[in-house]
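# Observations on the three-dimensional arrangement
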Amino acid sequence: MGDGKLNPTDDPLDLAARWRAAGRGVALATVVSTWGSSPRPVGSQLVADTSGTFAGSVSGGCIEGAVIREAQAAIADGKPRLLEFGVSNEQAWEVGLACGGRVQVYVERLG
Amino acid sequence: MKAAILERLLALRAATRACALETILATGAQTLFVADDAALPAHIAAALAADRSALAADGRVFVHVFSPPLRLIVVGAVHIAQPLVAMASLAAFAVTLVDPRRAFAEGDHRFAVTVSTDWPDEALEALAPDARTAVVTLTHDPKLDDPALVVALRSRAFYIGALGSRRTHAARLARLADLGFGETDFARIHGPVGLDIGALSPSEIAVSILAQIIAARRAEPPA
């Protein structure tokens, strides 16, 4: 403690570098915009690997499952993705934010 | 993100240097800018100055600002300092504890933060509080608190708090007035320190202080 980080071992960017150094496929997800109430601010990040192991967060847990699936797809095809979630979204029946906000999440492979 | 960019980003962060990563979302192309670079593009300089990550109006470019952690300087390794430095660390502050009384600073309770046993004015001058620094004095002892407050008041610290009752605080302000400080300076000092939540225990007082620091940082300035 005292270095300004909650726990260095849980920091998404530190983990991304370490996981990649260990030979794992890695993707980063970043909140790039929010509207209305949303649980995590712009810039919040999540790291995921090929197996779906993840750390960090881009919401209060509402959309992480979908983001991790897209992260796995980005690791597989190398293409970045811009995802949008919100109650007004057509996916709302599947994945949505209970708070009624909207977020855009950018997913990119670390390569 | 290219691995080389991530490595550079982590190195800059470890060196507590502010930087901004610009991403063209459609292609994933990225450029990393360091705050002290000469000739930064205006929108990058503005994002860094505002400490604000944002998507451009056209929705195509994201600028992610990585700022060093906010700093908290706590003067006085007293009982309240124990929960305060622990909670502030959890809230991602880089905490330095200052107390020249080694029995407090290096006693049985080991503080898991940077500790300085220099005299508070020397310690604070070396730490050079800036607009991303909060300073809290907890000793109740004018010999220790006042020199720290003097340095804090001459700095751009975004928050200054001083533990002590209203009576203690009034006496403190009278001493600072003798040193040439005035109402504008006094208005910067939160004293008695902390939000009024009826806090009693050291942990509760630490919550009230940390909450007040966060409010000073995040609350919208009055219109």
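In this report, the structure presented in the accompanying data block is examined.

This model, assessed by the stated rule, comprises two cavities of 30 Å³ or more. Each pocket or cavity is described by its volume, and for the largest cavity that value is around 60 Å³. Lining the largest cavity we find T30, Q45, Y106 and E108 of chain A together with M1, L21, T23, Q30, F62 and H64 of chain B. Put simply, the second largest cavity is a space of about 40 Å³. The wall of the second largest cavity is formed by L12, R13, T16, R17, C19, F66, S67, P68 and P69 of chain B. Looking at the lining of the second largest cavity residue by residue, the class counts come to five nonpolar, two polar and two charged.

Peptide bonds are mostly trans, and most non-glycine residues show a negative phi. Residue and element names in this part refer to chain B. Geometrically, the link from G191 to P192 is a cis peptide bond, its omega value of -5° lying close to zero. With respect to the secondary-structure elements, P192 resides in the loop between β10 (189-190) and α9 (202-218). The phi torsion at D51 lies on the positive side, around 50°, for a residue other than glycine. As for its placement among the helices and strands, D51 is situated in the loop between α2 (42-50) and β3 (54-55). With a relative accessible area of 28%, D51 lands in the partly exposed category. Phi at A92 takes a positive value of approximately 75°, unusual for a residue other than glycine. The residue A92 is located in the loop between α3 (81-90) and β6 (94-98) in this model.

Another aspect to go through is the interface of chain B and chain A. Accessible area lost upon the coming together of the parts serves often as the stated size of an interface. With 30 residues of chain B in contact, the opposing surface of chain A contributes 28 residues. A combined buried area of about 2000 Å² lies between chain B and chain A, and 64% of that area is made up of carbon and sulfur atoms. Linking chain B with chain A are two salt bridges, by the criterion used here. Residue R13 of chain B pairs with D14 of chain A through a salt bridge whose shortest N-O separation is 3.3 Å.

How each quantity is defined
- Residues numbered from 1 in each chain as written.
- Chains lettered and ligands numbered in written order.
- Predicted model: local features only at pLDDT ≥ 70, side-chain atom pairs only at ≥ 80, totals over all residues.
- Heavy atoms only, no water.
- 1 Å grid on protein atoms, 1.4 Å probe; cavity = no way out; pocket = protein on both sides within 12 Å on 5 of 7 lines; lining within 4 Å.
- Points joined across faces, edges and corners; volume = space filled by probe spheres on them.
- Nonpolar A, V, L, I, M, F, W, Y, C, P; charged D, E, K, R; others polar.
- Helix = DSSP H or I, 4+ residues; strand = E, 2+ residues; numbered from the N terminus.
- Buried < 20%, exposed > 50% of the residue type's maximum accessible area, 1.4 Å probe, protein only.
- Contact = heavy atoms within 4.5 Å.
- Buried area = accessible area lost by both parts, 1.4 Å probe.
- Salt bridge = Lys/Arg side-chain N within 4 Å of Asp/Glu carboxyl O.

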